[in-house]
Amino acid sequence: MTAPTRKKPERRTQALTRERIVEAAVELLDAGGESGLTFRTLTERLATGPGAVYWHVANKEDLLGAATDAVVAAAVAPDSTVPAHPADPTDPAEPPSSPHDRIRAVAFGLFDAIGEHPWLATQLATQISRGPGGTVAPQIFESIGRQVRAMGVPEGSWFTAASALLHYILGAAGQNAANSARARALGSDANRAEFLETASTAWAELDPDDYPFTRAVAGRLRDHDDREQFLAGVDFVLAGIAAVHPDVGDGRRPHRG
């Protein structure tokens, strides 16, 4: 009598790699935030056991760092572009052709990434505050710093100029993401326009003696576009760098000499 043949287990259709694990982690983070990412949910998503996952990542902290690295790397990729009209991200865009435009592209890449991944702003702050051990801060700093150097900024000011841009970009993008989260938290019936209308009305009703400036710009709060305002801030920082170092021009042309 012939012994029954044992059926071989089905093989995964996609090999388990660190990249695949990180991709699944990003999906879980997007869906449920940091609390939604556990090794149980991850192994279920990947249809594997915890041992296979631990072969590629040491622990949750390692996994969070890898997920943050991956999203940042995509955001600051050299082929990033800026929409012709920032208010409409679907507008066709050309590859950046100058250091100024490349910095704008990096800024927009991070702005959109932080907006699309609600967990990213917190992880960026956490990863950067831990010091030089990780690669998140160097990735962003390098992508900005190379363009600061290409603009012709003197070497003694490289760190200060790149730091000013980095702090503005991450701060403004993080605040925008927080505002968006707050608007969503108000309920399904609340949208951005209603949120800004409420805030604008509150500003306009402030005491005119204590808040003359805030009252004066209340209407701007109601009507502004987040993306255009963000880009204007990047341009202000670049204009400040050019004012301190006139030889770099406005940064829209590669520095010569």
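Residues numbered from 1 in each chain as written. Predicted model: local features only at pLDDT ≥ 70, side-chain atom pairs only at ≥ 80, totals over all residues. Heavy atoms only, no water.

A. Seen up close, the overall build of the protein. Each helix and strand in the protein was counted, giving 12 helices and 0 strands. Counting helices and strands in the order they occur from the N terminus, the protein gives α-α-α-α-α-α-α-α-α-α-α-α. Looking at the 257 residues of the protein, the share that counts as buried comes to 36%. Carbon together with sulfur atoms contributes 54% to the accessible area of the protein, which is approximately 15,400 Å² in total. (Helix = DSSP H or I, 4+ residues; strand = E, 2+ residues; numbered from the N terminus. Buried < 20%, exposed > 50% of the residue type's maximum accessible area, 1.4 Å probe, protein only. Areas by Shrake-Rupley, 256 points an atom, 1.4 Å probe, with all protein chains shown as cover.)

B. Summary view of unusual backbone geometry. Unlike most non-glycine residues, A47 shows phi in positive territory, near 55°. Here A47 shows up in the loop between α2 (39–46) and α3 (50–54).

C. Quick peek at the pattern of salt bridges. Applying the stated criterion to the full structure yields 9 salt bridges. Between D112 and R227 there is a salt bridge whose closest N-O contact spans 2.4 Å. Residue D112 is found in helix α5 (residues 99–116), and its partner R227 is found in helix α12 (residues 226–244); the two are separated by 115 residues along the sequence. R222 is the partner of E197 in a salt bridge, and the nearest nitrogen-oxygen pair spans 2.8 Å. Placement of the pair is E197 in helix α9 (residues 192–204) and R222 in helix α11 (residues 218–223), with a sequence separation of 25 residues. For R222, a relative accessible area of 33% puts it in the partly exposed group. The structure contains a network of salt bridges with shared partners spanning D101, R104 and D235. (Salt bridge = Lys/Arg side-chain N within 4 Å of Asp/Glu carboxyl O.)

D. Looking closely at the packing of helix α1 (residues 18–32) against helix α4 (residues 60–75). Taken N-terminus to C-terminus, the directions of α1 and α4 make an angle of 90°; their axes are 9 Å apart at the nearest point. Considering their axes alone, α1 and α4 lie roughly perpendicular with respect to each other. In contact with R18, I21, V22, A25, V26 and L29 of α1, α4 contributes D62, L63, L64, A66, A67, A70 and V71. The residue inventory of the contact of α1 with α4, partitioned by class, reads 11 nonpolar, no polar and 2 charged. (Axes fitted to C-alpha atoms, helices over the stretch in contact; angles between N-to-C directions. Parallel < 35°, antiparallel > 145°, perpendicular 65-115°, else oblique. Contact = heavy atoms within 4.5 Å. Nonpolar A, V, L, I, M, F, W, Y, C, P; charged D, E, K, R; others polar.)

E. Structural context of α4. Compared with the 22 Å implied by 1.5 Å per residue over 16 residues, the 23 Å span of α4 between its first and last C-alpha is a close match. What α4 keeps buried is the set L63, L64, G65, A66, A67, T68, V71, V72 and A75. Contact partners of the buried residues in α4: α1, α2, α5, α6 (120–129) and α7 (136–150). The N-capping residue of α4, defined by a side-chain oxygen 3.2 Å from the backbone nitrogen of E61, is N59. (Expected span 1.5 Å × (residues − 1). Polar contact = N/O pair within 3.5 Å; in protein donor to acceptor, adjacent residues only side chain to side chain.)

F. View of the packing of α1 against α2. Where α1 meets α2, the closest approach of the two axes is 10 Å, and the angle between their N-to-C directions is 115°. Between α1 and α2 the crossing geometry is right-handed. The segment α1 lies against α2, with R20, I21, A24, A25, E27 and L28 engaging T41, L42, R45 and L46. Across the contact of α1 with α2, the residue classes tally to 6 nonpolar, 1 polar and 3 charged. (Left-handed = near helix turned anticlockwise from the far one by under 90°.)

G. α6, seen in detail. Residues of α6 that are buried include every one of L120, Q123, L124 and Q127, and no others. Along the long axis of α6, the arc covered by the buried residues comes to 105°, so they all point the same way. (Arc of directions from axis to C-beta.)

H. Broad picture of the confidence of the model for the protein. This prediction gives the protein a mean pLDDT of 84; 81% of its residues lie at or above 70. Below a pLDDT of 50 lies the segment residues 4–13, which in the model reaches 4 contacts outside its immediate sequence neighbourhood of four places, other chains included. In this model, residues 251–257 is a region of pLDDT below 50 whose contacts with residues beyond four sequence positions or in other chains number 19 contacts. (pLDDT = per-residue confidence, 0-100.)

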